[in-house]
Amino acid sequence: MIAAIDIRGVTKVYNPASNQPVKALDNVSLTINDNEFFTLLGPSGCGKTTLLRLIAGFEQVSGGAIMLFDEEIVNLEPNQRPINTVFQHYALFPHMTVADNVAFGLERLRKPRSEIDATVERVLTLVKMKELGDRRPNQLSGGQQQRVALARALAPSPKVLLLDEPLSALDLKLRQAMREELKQLQKETGITFVFVTHDQEEALAMSDRIAVMSNGEVQQIGGPTDIYEHPVNRFVADFIGDTNFLDGEIVSFDDDLVTCRIGVQSMFEAENSGGHSIGDKVTLFLRPEKITLSPPDQASNVKTRPGKVANIVYLGNQTAYTLDMGDGIELTAQARPREDGKLPFAMGDSLAVGFSARALRVLAQ
Amino acid sequence: MQNPSSHKRKKVLPVGHYRGLGAWTVFFFIFLYLPIVVLIFYSFNANRMVMNWGGFGFDWYLKAFNNDDIQNAVWNSLIVATVATAFATSIATVGALVLARGGNFRGKTISLGLITLPLMVPEIVTAVAVLIFFSAVGINWGLGNVIIAHITFCIPFAFMPIRARLEGMDTSLEQAARDLYASEWETFRFVTVPLLMPGIVAGAMLSFVISMDDFIITLMVGGAGSTTLPVYIYSMIRRGLTPEINAVSTVLLFVSIAIVTAYWVVSKKGTD
């Protein structure tokens, strides 16, 4: 696999000379492959946007190297890097038409006029904006401006396209539609996309691989299912999706399973990921959708525990139940509504709560 | 969005609530504008005496137009205003760019204060200072002296709208240009300047009007042969009032109104 961008031990400190230096990135290393949809995911202030700006060249690294197809680029000006950016608020030039906006990069690259015109038409067609080439940006809706910003960044055929939370200003329906279009666009153009977002759903839906960041460090890099199913630590598990955390201590283990004591006396079995010993303080995590709920008399042969409905949050397509498992343990589980639309369980119902040991995982502390 | 604003509006007391305020306002505007209306009115007087109405006519406009001294004064005013505006606007643009885009440097706050200070310094002080400076250094360039003096006091007027425009400008636009392969110069040329243009035009118009109107500094600095229109009008008054003064003043007034209106339109257009 060819590395499009190789981040090698990059550190970024803002205001290094002042008495309050801010470390935005701390020795970050990661490799983004060619023709990949790569996402930098994390809460605001985690350093994801800083990393993007370093790749684009709007900021200078404090240490480390950034390679673009094996070429060092940290000393290049933004206009010398074959990388384009889709800005969060689009940053379309208000004094130019849509077509002039898209042509801007090609004109600066001194392409012949005929080629510029052909490319502008091609990319505007690609983003379904061909008819609106004569409009000004302020005559366009948010979604249309988004498409123009994409077209403008794609027109010069950059080696890497950077996208800085481009969907955050759109409403939900449009955002969902644009997700698929972006993914499609990436496949069609074959350009490496580096996408920055704080929206885990967006990241899971679009990415080939995701880097989860926090406090200026990369926590985990992997495909969407890796990140969701095998988070390496509590931060990742907590940031991606809803999770039950159970803090406890290992009392025994064999090759397959570890047994943990949670609360005073409750025993939970979890998959053995190796490297544990008796007495270790660990956190188990369990995704709510891995838990099955049933009335006590209808419990299947899966091992179940008794629980009581302590809280109900109606979410439309499903309902989140908080279950009191006794011994100070609470679990959140999900259940779909019945066919007649009624909720399957009510407050205070006693239920059989089932989950397999394979659904529980041990997290590093 | 609608609720808070309508709520706010409710809180404001309607002006009509105060009895007599309307009449007071009308009186205020009459006080302010009646003299100007009278001045315009009598500029169309066909009589020789200023305050005796002798029928409608353009006689005094024609007379003023054919007066060589007035023509000279108008030319001087236009030359001074045009040259001073060009220099003041260029200097103000560069200054605004440095202060808004130059990052943090030592003396930034002081620079900002110094560039706008002339707005607060009494004009007579500036006039005396410039006069003393010219004679001390030995500069005696006639109209050139007037132009240099005008440049100094026009800079802050040109500076303010340009800076306001720059402050409101999204820096990500310039980043986008750099990202799209524009060099620093191309970014300035194709993005910064076009977006800054409404501010630059507004600043130029403002300093043009200020320069055209200036009296005190011009009177002090200008020697023989560099009489501008306001200074000439003043000297006419000393020789006796004729409707010619009214005619010239009226023309000056409408030129100023035209430029200020254009300034308003341009700066309004820039805010959308």
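**Q** What is the right way to look at the overall build of chain B in this model?
**A** Tallying secondary structure elements over chain B gives 12 helices and 0 strands in all. When the helices and strands of chain B are read in sequence order from the N terminus, they spell out α-α-α-α-α-α-α-α-α-α-α-α. Its C-alpha atoms give chain B a radius of gyration of 23 Å, more than 25% over the compact-globule value 19 Å for 272 residues. Dimensions along the principal axes, computed over C-alpha positions, put chain B at roughly 70 × 65 × 35 Å. Put simply, chain B has 272 residues, and 32% of those count as buried. For chain B, contacts bridging at least 24 residues in sequence account for 77% of all contacts bridging at least 6.

**Q** What's the story with the interface of chain A and chain B in this structure? I'm lost.
**A** How big an interface is tends to be reported as the loss of accessible area on association of its parts. Facing the 16 residues of chain A at the interface are 15 residues of chain B. Counting residues per element, the ones that place at least two in the side of chain A that touches chain B are β6 (83–86) and α2 (98–108) of chain A. Examining the composition of the side of chain A that touches chain B, we find that 3 residues originate from one element, α2 of chain A, more than from any other. Counted by class, the side of chain A that touches chain B contains 9 nonpolar, 6 polar and 1 charged residues.

**Q** What is the right way to read the domain arrangement of chain A from this model?
**A** All names here are of chain A. When cut into domains, chain A gives domain 1 (3–238) and domain 2 (242–363). Every contact between the two is made by 5 residues of domain 1 and, on the other side, 5 residues of domain 2. Residues belonging to the side of domain 1 that touches domain 2 are distributed by class as follows: 2 nonpolar, 1 polar and 2 charged.

**Q** Help me out: how do you make sense of the pairing of strand β9 (residues 209–214) of chain A in this one?
**A** Within a regular strand, side chains alternate between the sheet's two faces. Residue and element names in this part refer to chain A. Note: strand β3 (residues 37–41) against β9, 4 bridges, orientation parallel. Residue pairing for β9: Leu-41 is matched across the bridge by Val-212. As paired strands, β9 and strand β10 (residues 217–222) are joined by 5 bridges and run antiparallel to one another. Within β10, the residue paired with Ser-214 across the bridge is Glu-217.

**Q** Looking at this structure, how should I read the sheet that holds β3 of chain A?
**A** Paired through their backbone hydrogen bonds, the strands of a sheet run either parallel or antiparallel. Residue and element names in this part refer to chain A. Here we have 6 strands laid out as an open sheet, ordered β6-β7-β8-β3-β9-β10, and mixed in their pairing. Unpaired on one side and paired on the other, β6 and β10 mark the two borders of the sheet. The sheet shows a mean angle of 20° between the axes of neighbouring strands, direction not considered.

**Q** Any chance you could explain the sheet that holds strand β12 (residues 257–262) of chain A here in plain terms?
**A** All names here are of chain A. In spatial order, the strands read β13-β12-β11-β14-β20; together these 5 strands make up an open sheet with antiparallel pairing. The open sheet has two edge strands with one neighbour each: β13 (266–271) and β20 (361–363). Strand-to-strand twist in this sheet, taken as the mean axis angle between neighbours without regard to direction, amounts to 50°. Across 6 bridges, the pairing between β12 and β13 is antiparallel. Residue pairing in the sheet places Leu-257 in a bridge with Glu-271 of β13.

**Q** Can you help me understand the domain arrangement of chain B in this one?
**A** Residue and element names in this part refer to chain B. Here chain B is described as being made up of domain 1 (16–57) and domain 2 (67–270). Taken over C-alpha atoms, the centre of domain 1 sits 31 Å from the centre of domain 2. Within the side of domain 1 that touches domain 2, the residues separate by chemical class into 4 nonpolar, 2 polar and no charged.

**Q** Even after reading the chapter, I still don't get the nonpolar core, so can you show me in this structure?
**A** A general trend in soluble globular proteins is that nonpolar side chains are found buried together. Formed by 133 residues in total, the largest nonpolar core has its most connected members in Ile-55, Val-102 and Val-194 of chain A together with Ala-158 of chain B. Ranked by the residues each element gives to this core, the list is headed by helix α9 (residues 184–213) of chain B, at 14 residues. Every residue in contact with Val-102 of chain A, bar those within four places of it in the chain, is listed here: Val-120, Val-123, Leu-124, Val-148, Ala-151, Arg-152 and Ala-155 of chain A. Membership of the second largest hydrophobic core comes to 12 residues, among which are Ile-70, Val-74, Tyr-232 and Ala-247 of chain B.

**Q** Which parts of the structure should I look at to understand the environment of Met-220 of chain B?
**A** Residue and element names in this part refer to chain B. Assignment of secondary structure puts Met-220 in helix α10 (residues 216–221). C-alpha separation for the pair Met-220 and Val-231, spaced 11 residues apart in sequence, amounts to 10.0 Å. Excluding residues that lie within four positions of it along the chain, Met-220 makes contacts with Ala-127, Val-128 and Leu-131.

**Q** Honestly, the pairing of strand β18 (residues 330–335) of chain A in this entry has me stumped. Any pointers?
**A** Residue and element names in this part refer to chain A. Examined bridge by bridge, strand β17 (residues 319–324) and β18 share 6 bridges and lie antiparallel to one another. Considered in β18, the bridge of Ala-320 is made with Gln-334. What sits between the antiparallel neighbours β17 and β18 is a turn of 5 residues, in which Gly-326 has the positive phi angle 80°.

**Q** Can you walk me through unusual backbone geometry in this structure?
**A** The phi torsion of most residues other than glycine is negative, and most of the peptide bonds are trans. All names here are of chain A. Of note in the backbone geometry, Asn-15 takes a positive phi value of approximately 50° without being a glycine. Within the secondary structure, Asn-15 sits in the loop between β1 (3–14) and β2 (22–33). Non-glycine residue Ser-157 carries a positive phi angle of around 50°. Take Ser-157: it is sitting in the loop between α4 (142–154) and β7 (160–164). Ser-157 gets classed as partly exposed once you count the C-beta atoms within 10 Å, which come to 16.

Definitions and cut-offs
As a convention, each chain's residues are numbered from 1 in the sequence order in which they are written. In the order they appear in the text, chains get letters beginning with A and ligands get numbers beginning with 1. Totals for whole chains, interfaces and linings use every residue, but because this is a predicted model, local features are given only for residues with pLDDT of at least 70 and side-chain atom pairs only at 80 or more, for both listing and counting. Secondary structure is summarised from DSSP: a helix means a run of H or I of at least four residues, a strand means a run of E of at least two, and numbering begins at the N terminus for each. We compute the radius of gyration over the C-alpha atoms and compare it with the globule rule, which gives 2.2 Å times the number of residues raised to the power 0.38. Residues with at least 20 neighbouring C-beta atoms inside 10 Å of their own are called buried, those with 12 or fewer are called exposed, and the rest are partly exposed, where every C-beta is derived from the backbone. Placing C-beta atoms from the backbone, we regard two residues as in contact once those atoms come within 7 Å. Each residue gets one label: Ala, Val, Leu, Ile, Met, Phe, Trp, Tyr, Cys and Pro are nonpolar, Asp, Glu, Lys and Arg are charged, and the others, such as Gly, are polar. An automatic or database domain assignment supplies the residue ranges for each domain. Following DSSP output, two strands are said to pair if at least two bridges run between them. With axes taken as lines fitted to C-alpha atoms, and helix axes fitted only over the stretch in contact, angles between N-to-C directions fall between 0 and 180 degrees. By definition, a nonpolar core groups buried Ala, Val, Leu, Ile, Met, Phe, Trp, Tyr and Cys residues that are joined through C-beta atoms within 7 Å.

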